[in-house]
Structure formats: structure tokens, C-alpha cells
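Okay, here's what each chain looks like letter by letter:
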Number of protein chains: 2
Amino acid sequence: MPKIVDHQARRLLIAEAVHRIIDAKGLDSVSLREVAAEAGISMGAVQHYFATKEEMLRVALEQLNARIALRVTAADQHDPLRLLRAAILEVLPLDETRRFEARVGLAFLARSVVSDELGAMVRAGLPLVLGFYAGQIRAAQAAGQLAAGLDPDQEARALFALAQGLGQPALIGLYSPHDVIALVDRHLARLANPSITSA
Amino acid sequence: MPKIVDHQARRLLIAEAVHRIIDAKGLDSVSLREVAAEAGISMGAVQHYFATKEEMLRVALEQLNARIALRVTAADQHDPLRLLRAAILEVLPLDETRRFEARVGLAFLARSVVSDELGAMVRAGLPLVLGFYAGQIRAAQAAGQLAAGLDPDQEARALFALAQGLGQPALIGLYSPHDVIALVDRHLARLANPSITSA
């Protein structure tokens, strides 16, 4: 089915052009003209795939999340705690790929709190991430990897907040990748064995 | 010294106009013309106080942080754990004032990871906040309010990340103010008594 492949490949090409524009010039610079130039295709071709700027941003955000999700599925699916840790580390700016994604993600995040459309988009997607975290926490509890008394939904929210909050200080060079991983591992170690206060 | 008072009042007036423009239109819209119009003064008057856009943004960010710091100093200075909790809650979007500040703060944060100037500004300021958190953790340990085995600097980083990460989901309506406070209090309770796994 070459047509379907072409269609998806073209949408991906455009979404990645949107990411690069957001990173280089900010969300406000995403326009039909800019995206066509960055993707190296005609404005008509962009319009064929995306009727509005909102649609371009929506697909660009979905594509960003899909890239991260794809890497998470490459982690060990049989060890819930390792999978949870991998999922957290995949959103943190620990290498150039993830630094790029974290910068673009932060631009979406900042815009989501002032744009009703982006806000609704993120509000619909976040529960899926939190649900994934909570599911891994439950599985890790069942496997004896995390303390049985933890509330998986509350711990998922706290873990997600920790991951979100570590990104910006790391991106501006205040925390090294090693610092970031150590903070995540401290948090997980405490959930595994709450009597550990320092690590 | 009426001249000094006027000078400070005028800079504050301009900084607050910058905040409102960032919230309504984004950081890119901050210009001499926009700021003068929003503050209700002449462009010449703005230029008298701020030579560059970078200078306006710097003072606007400082002013945002100063507003929050001023409220924190109103909290009980004799109880380190309560002061730490107050400092965290003051940056969270729990009422309209703090929602406004959190939206503007998130715009600065997102820009700080792509702008060297803003990045340097935030990188210089964050250690002060982390140092304040760590200092309160140490004082709370000395007062028997937090577990003695905690590493104050690491816990300060984790607490700061938690606070930063809770803002956006709260701003888009995923978490209620009650949810946010409960997550902060769970975290602090665990630092006080690490054997508590659920709350």
C-alpha cells in the first residue's frame, strides 16, 4: 500500500519540520509558509495534509509523544519497575535527541496554559501517561518491587511532576544527566523501600 | 525621597505591564510599543527606564520572583517546615494571583531553554531558591520535623521539581487546588516520617 505509506511519511515529514521551527523560532512562527519552507515542500502540499495551524500543532504534539512512546516500548516489558524508570528517563533531556524533544515539549506546555485548544489536547493526553505510570506501579507492587502500601494514582502524579520539573534545570545546565538520573533513582528507591531516607 | 519612590514605582508599573503582555500575547509580543501602551505611558518614558527588551524581561522576571518571595516572608519564620511548605505553595497555581504568576513563569521557563540570556538569568537565580529550600530542610531536621538522614540538597532539588511539575496540570484543570496541596503534603509527610508509604 504505497499510498498509505507516502501519506504517513509526508505527515511525519511535516510534523518534524514543525518541531524544528518551534525549537528554532517558537510556536508563534509555525505558519503554512514557514512549515512548507522547512519541510522543503510546497504550501499546497502542506495544505493537502493540514487544513489549519491547530491541526499541524496537534499532529506535531502527537508525533512528539509517539516518538517517546516508541522508545519506551523498546524497554524490558517484563520488569514493571525497569519499564517505569525507562518511561521516565525517556522524557528527560539526557542526550541531544531528548534535549530537543524536551525543549519542544516545554514550548507546548507553556502554550497549553494560555491556549484553550492546546490545553484541551494536553488535558486529554495526560491521563493516558498517568494511567501508564500507575499501571506500572501496580504491577511493580504485585511483583514485590515497590511497597504495597503506595497509592498508585497519587504516586503516578508525583512521579510525573518530578520528571516534568527536572527538565528545565537540566536544559539550562544546572543539573547534569547524572544528577537527573540520580534524583529519579532516589525517588524510585524510596518507593521500593520507604525506610531509606538518604541515598 | 519622592524621586526614588517614583523611580521604583515606575519600574514596577512597567514590569507588571510586561507580565500582562506575556500572559495575553506571549513573550514575543513584549516590545517598547506594546509595553508603553499597556502601561499607559509614553515610549520615551519606557526607554528612560529600560534600554533594551532583555532588560525589561530581566526586571519582569525579578519582579515576579520578588512578589512571591514577599509573600513567603509573611509566613511563620519560626517554623522551618511550615515556611518550606508556604514557599512551595506560593509558587503553585492555587488562586487567581498564583495562576497568573504560574502562567507567566511558565512562559519564562520555556523561553529560558532556547534563549541564552534568559537561560543564564534563570541559572543564576535557581540556586538561591534551591539554597533556601535546603536551608529550611536543614533547620527542620535540626528541629526534629524532618528525618535526620535526608540529604538537604538532593531533597531541595526533588521538592523544587515536584512544585514545578505540578503547575501545568493544575493550570489546565487536570488537578484541583486540593489535589495539588495533597500531593505536596504527602511528599512532606514522607520526608518527616519515611515509614509512611500512603496517606
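Worth saying up front: this structure is predicted, and the values here are computed from it rather than measured.

Here is what the cut-offs are and how they apply
Residues numbered from 1 in each chain as written. Chains lettered and ligands numbered in written order. Predicted model: local features only at pLDDT ≥ 70, side-chain atom pairs only at ≥ 80, totals over all residues. Heavy atoms only, no water. Contact = heavy atoms within 4.5 Å. Buried area = accessible area lost by both parts, 1.4 Å probe. Salt bridge = Lys/Arg side-chain N within 4 Å of Asp/Glu carboxyl O. Polar contact = N/O pair within 3.5 Å; in protein donor to acceptor, adjacent residues only side chain to side chain. Helix = DSSP H or I, 4+ residues; strand = E, 2+ residues; numbered from the N terminus. Nonpolar A, V, L, I, M, F, W, Y, C, P; charged D, E, K, R; others polar. Least-squares fit on C-alpha atoms with pLDDT ≥ 70 in both. Buried < 20%, exposed > 50% of the residue type's maximum accessible area, 1.4 Å probe, protein only. UniProt positions renumbered as here; feature names shortened; annotations may be inferred. Domains from an automatic or database assignment. Phe/Tyr/Trp six-rings, centres within 6.5 Å; stacked < 30°, edge-to-face > 60°. Expected span 1.5 Å × (residues − 1). Core = buried A, V, L, I, M, F, W, Y, C linked by side-chain atoms within 4.5 Å.

### Topic: the interface of chain A and chain B
Contact with chain A, which involves 46 residues of that partner, is made by 46 residues of chain B. Sorting the residues of chain A by area buried against chain B places Val113(A), Arg157(A) and Ile172(A) first, and these three jointly supply 16% of that buried surface. At the surface where chain A touches chain B, the tally comes to six salt bridges. Residue Asp179(A) is joined to Arg157(B) by a salt bridge in which the shortest nitrogen-to-oxygen separation is 3.5 Å. In this structure, the connection of chain A to chain B is made through 10 residue pairs in polar contact (both at pLDDT 80 or more). Taken together, the elements giving at least two residues each to the side of chain A that touches chain B come down to helix H6 (96–112), helix H7 (116–142), helix H8 (152–171) and helix H9 (177–192) of chain A. The leading source of residues in the side of chain A that touches chain B is H8(A), at 13 residues. Its residues assigned to classes, the side of chain A that touches chain B shows 25 nonpolar, 11 polar and 10 charged.

### Description of the relation of the copies chain A and chain B
Once chain A has been moved 0.0 Å along the axis and rotated by 180°, it coincides with chain B to within an RMSD of 0.0 Å. These values place the two chain copies in the arrangement generated by a two-fold rotation axis. The share of interface residues of chain A whose copies in chain B are also at the interface is 100%, consistent with both copies meeting through the same surface.

### Some words on the environment of Ala15(A)
Residue and element names in this part refer to chain A. Examined against the element boundaries, alanine 15 turns out to sit in helix H1 (residues 2–25). Note on alanine 15: relative accessible area 1%, which makes it buried. Ignoring sequence-local partners within four residues, the contact set of alanine 15 consists of Val59, Ala60 and Gln63.

### Considering the UniProt feature "domain: HTH tetR-type" (unreviewed entry) in chain A
In the numbering used here, UniProt assigns the feature "domain: HTH tetR-type" (unreviewed entry) to residues 8–68 of chain A. This span, residues 8–68 of chain A, is 80% helix and 0% strand, and a straight line between its end C-alpha atoms measures 18 Å.

### Some remarks on the domain arrangement of chain A
All names here are of chain A. By domain assignment, chain A separates into domain 1 (1–74) and domain 2 (77–199). Computed over C-alpha atoms only, the centres of domain 1 and domain 2 are separated by 26 Å. Counting residues at the interface gives 18 residues for domain 1, matched by 20 residues for domain 2. One salt bridge connects aspartate 23 with arginine 103, and the closest N-O pair in it is separated by 2.7 Å. The interface formed by domain 1 and domain 2 includes seven residue pairs in polar contact (both at pLDDT 80 or more). Residue assignment for the side of domain 1 that touches domain 2 shows that the elements contributing at least two residues are H1 and helix H4 (53–73). With 11 residues, H4 is the largest single contributor of residues to the side of domain 1 that touches domain 2.

### Side note on the packing of aromatic side chains
Residue and element names in this part refer to chain A. Under the definition given, this model contains two aromatic pairs over all chains. For the pair tyrosine 133 and phenylalanine 160, a centre-to-centre distance of 6.3 Å together with 65° between the ring planes defines the contact as edge-to-face. Of this pair, tyrosine 133 sits in helix H7 while phenylalanine 160 sits in helix H8, placing them 27 residues apart in sequence. Using a relative accessible area of 3% as the deciding quantity, one classes tyrosine 133 as buried.

### Comments concerning the side chain of Ser112(A)
Along the chain, Ser112(A) turns up in helix H6. Reaching out from Ser112(A), the side chain makes a polar contact with the backbone oxygen of Leu109(A) at a distance of 2.6 Å. Reaching out from Ser112(A), the side chain makes a polar contact with the side chain of Gln168(B) at a distance of 2.9 Å. Sequence-distant contacts of Ser112(A), that is, excluding residues within four places in its chain, are made with Leu118(A), Gly119(A), Val122(A), Gln168(B) and Ile172(B).

### Considering helix H4 (residues 53–73) of chain B
Its 21 residues give H4(B) an end-to-end C-alpha distance of 30 Å, which sits within 8% of 30 Å, the value for a rise of 1.5 Å per residue. Buried residues of H4(B): Met56(B), Leu57(B), Val59(B), Ala60(B), Leu61(B), Leu64(B), Ile68(B) and Val72(B), and no others.

### With respect to the nonpolar core
Among the nonpolar cores identified, the biggest contains 143 residues, and Ile22(A), Phe108(A), Leu166(A), Val18(B), Ile22(B), Phe108(B) and Leu166(B) are the most heavily contacted of them. Phe108(B) has contacts with Ile22(B), Leu27(B), Leu57(B), Ala60(B), Leu61(B), Leu64(B) and Leu118(B), leaving out every residue within four places of it along the chain.

### Structural notes on the pattern of salt bridges
For the structure on display, the rule yields 36 salt bridges over all chains. Note that Glu38(A) and Arg20(A) form a salt bridge whose closest N and O atoms lie 2.6 Å from each other. Of this pair, Glu38(A) sits in helix H2 (residues 32–39) while Arg20(A) is found in helix H1, placing the two residues 18 residues apart along the sequence. The closest approach of N and O atoms between Asp95(B) and Arg98(B), which form a salt bridge, is 2.9 Å.

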